[in-house]
Protein chains: 2
Amino acid sequence: MLDRYRQMTETALEQNLYTDRLAPILVESMRYGLLNGGKRIRPSLLLCVCEMLGGKAENALPFACALEMIHSYSLVHDDLPAMDNDDYRRGKPSNHKQFGEANAILAGDGLLTEAALLLSKQAGNDAAKAEILSAALDMVSGQSYDLNEIERNEPMLHLLHAQKTGALFRAAFAAGAHLAGRSDLAEPFSKLGQAIGLLFQITDDVLDAEKDRAENKFTYLTFYGEARSRSYIQETEQQILFALAPYDNAPARELKAVVRQMTNRTE
Amino acid sequence: MLDRYRQMTETALEQNLYTDRLAPILVESMRYGLLNGGKRIRPSLLLCVCEMLGGKAENALPFACALEMIHSYSLVHDDLPAMDNDDYRRGKPSNHKQFGEANAILAGDGLLTEAALLLSKQAGNDAAKAEILSAALDMVSGQSYDLNEIERNEPMLHLLHAQKTGALFRAAFAAGAHLAGRSDLAEPFSKLGQAIGLLFQITDDVLDAEKDRAENKFTYLTFYGEARSRSYIQETEQQILFALAPYDNAPARELKAVVRQMTNRTE
């Protein structure tokens, strides 16, 4: 699923990382954080949406890479002792476990800066750039809500997840539309991306239910319970597939398959 | 000195910080890190160079703000316990002392993202944007050299300071030239900015000599000793004033005064 887009992203990530003149350990820790076997779901969705709407994935690649660099930096910082304090990421030591805290902070800073620099080097497409960077800011806010004491009510649950997880999915869809020359669709596609981000988050919550409950986390599952979360997943899936119904080219069919698979994912 | 540019920057910083929808504590910690009585030397130099070369400071303001946001985020992260572990910044508790480590990490991430977002919202001027973001990446590298074990030799001393301090000064001058429509001068002005950054760094080292020696820091002063550092300051000052000699409008005279004052600064 999305394999071609994932492969394209994987190759381009390496090519688009500017490492000239940078301190060797900074380069090593940045590469460790970026080239780590991630699923590349956000950039792949950006490329898929772009092709679905008649654009060329090749032209959208640097934007997809920037989006993934932003996602990667956020994981490096999220794992830090002062944040989620995770020793492992995808079965390997987290960045600060491998390189120490100072280097992990700098690796994250470096990846975020690379993303912005990469975007700045693309001619035009200002709307796509702003979508991606505005989502990156929302993501920081979502992480802030997640780490501080907040009221646990329904609007806050939606806001937190819309920002923390939803924002980058929203950006993938909106930027994909802009890059296909279909800025007229940026707003509805932004909402579609937000919905897919939500779906991704809730299915994640269902998978992590036991752990999250033990840690008293504020998730869809701990708030709504399993039955309601599952019906929420079904509803959201149906809404997304309904919105995608008018599209029937190869990327559209792939996107629909991704949505169905997301609902049934087991990892 | 540079008062008008500093005032312009101060007012614009507040206006250019996008805080819609952001978590209140994130906004508070970002503002604490940004609006903290800084001297605004880098953005003021950018505006001054722009006017010296015939541009309008007003048009360059968002770029100056982005540069200062990048400088501010780097101070917030540099003060963190895992980095320089400083409890105070300009006589007030450092960001992590005030808001906790997690919020300080996010405040830095937020300010860097704001800088990139602000740049992305300016039409055109791609070269100025790339100068600023490329310098931001060099700065992270300089910080990496500073925090890790490195060989203490002359080329490394220059590289470390060229990146850690010099890069943002270099960007101020190069971006100032681009924004004045004088991209033909971007390269020589880039070198001029680098030299002024060096001057700023060495005079700083002379002021902090005692503390740096006690902490075994790798600075111009601890490496060259005081006499040679002072003659280095004189030489660099003369080179800069020589390069600025052809310019004689009001901003040029102000810039020369800044250089002379830098050499004699006592704080």
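Residues numbered from 1 in each chain as written. Chains lettered and ligands numbered in written order. Predicted model: local features only at pLDDT ≥ 70, side-chain atom pairs only at ≥ 80, totals over all residues. Heavy atoms only, no water.

1. Brief notes about helix 6 (residues 101-120) of chain A
- Helix length check: helix 6 of chain A, at 20 residues, gives a terminal C-alpha distance of 29 Å against a target of 28 Å (1.5 Å per residue), a fit within 8%.
- Burial analysis of helix 6 of chain A places 19 of its 20 residues in the buried class, which makes it a mostly covered element. (Helix = DSSP H or I, 4+ residues; strand = E, 2+ residues; numbered from the N terminus. Expected span 1.5 Å × (residues − 1). Buried < 20%, exposed > 50% of the residue type's maximum accessible area, 1.4 Å probe, protein only.)

2. A few points about the environment of Ala107(A)
Residue and element names in this part refer to chain A.
- Tracing the sequence through the fold places Ala 107 in helix 6.
- Judged by relative accessible area, Ala 107 falls into the buried class, the value being 0%.
- Separated by 129 residues in sequence, Ala 107 and Thr 236 have C-alpha atoms that sit 36 Å apart.
- Residues contacting Ala 107, with those up to four places away along its chain left out, are Leu 26, Ser 29, Met 30 and Asn 95. (Contact = heavy atoms within 4.5 Å.)

3. A short note on the interface of chain B and chain A
- At the junction of the two partners, chain B supplies 44 residues and chain A supplies 44 residues.
- For the pair chain B and chain A, the summed buried area comes to about 3,700 Å², and 68% of that belongs to carbon and sulfur atoms.
- In this structure, the connection of chain B to chain A is made through 2 salt bridges.
- Here Arg21(B) makes a salt bridge to Asp138(A), at a shortest N to O gap of 2.6 Å.
- Counting every contact that joins chain B to chain A gives 10 residue pairs in polar contact (both at pLDDT 80 or more).
- At the level of elements, helix 2 (24-34), helix 4 (57-78), helix 6 (101-120) and helix 7 (126-147) of chain B are the ones that each hand at least two residues to the side of chain B that touches chain A.
- The greatest single-element share of the side of chain B that touches chain A, amounting to 14 residues, is contributed by helix 7 of chain B. (Buried area = accessible area lost by both parts, 1.4 Å probe. Salt bridge = Lys/Arg side-chain N within 4 Å of Asp/Glu carboxyl O. Polar contact = N/O pair within 3.5 Å; in protein donor to acceptor, adjacent residues only side chain to side chain.)

4. Some remarks on the relation of the copies chain B and chain A
- It takes a turn of 180 degrees to lay chain B on chain A, together with a shift of 0.0 Å along the axis; the resulting RMSD is 0.0 Å. Here the copies are linked by what is in effect a two-fold axis. When C-alpha positions in chain B are compared against the rotation axis, the closest is assigned to Ala116(B), at 2.9 Å.
- Both copies present the same face, since 100% of the interface residues in chain B are matched by interface residues at the equivalent positions in chain A. (Least-squares fit on C-alpha atoms with pLDDT ≥ 70 in both.)

5. What to know about the confidence of the model for chain A
- Per-chain confidence: chain A averages 95 in pLDDT, with 100% of residues scoring 70 or above.
- Overall fold confidence (pTM) sits at 0.97, and the ipTM for the predicted complex is 0.97. (pLDDT = per-residue confidence, 0-100.)

6. Side note on the packing of helix 4 (residues 57-78) of chain A against helix 7 (residues 126-147) of chain A
Residues and elements named next belong to chain A.
- Across the interface, helix 4 lies against helix 7 with an axial gap of 10 Å and an inter-helix angle of 15 degrees. With respect to their mutual orientation, helix 4 and helix 7 come out roughly parallel. For the pair helix 4 and helix 7, the crossing hand works out as right-handed. From helix 4, Phe 63, Leu 67, Ile 70, Tyr 73, Ser 74 and Asp 78 reach across to helix 7, where they touch Ala 128, Lys 129, Ile 132, Leu 133, Ala 136, Met 139, Val 140 and Gln 143.
- Looking at the contact of helix 4 with helix 7 residue by residue, the classes come out as 10 nonpolar, 2 polar and 2 charged. (Axes fitted to C-alpha atoms, helices over the stretch in contact; angles between N-to-C directions. Parallel < 35°, antiparallel > 145°, perpendicular 65-115°, else oblique. Left-handed = near helix turned anticlockwise from the far one by under 90°. Nonpolar A, V, L, I, M, F, W, Y, C, P; charged D, E, K, R; others polar.)

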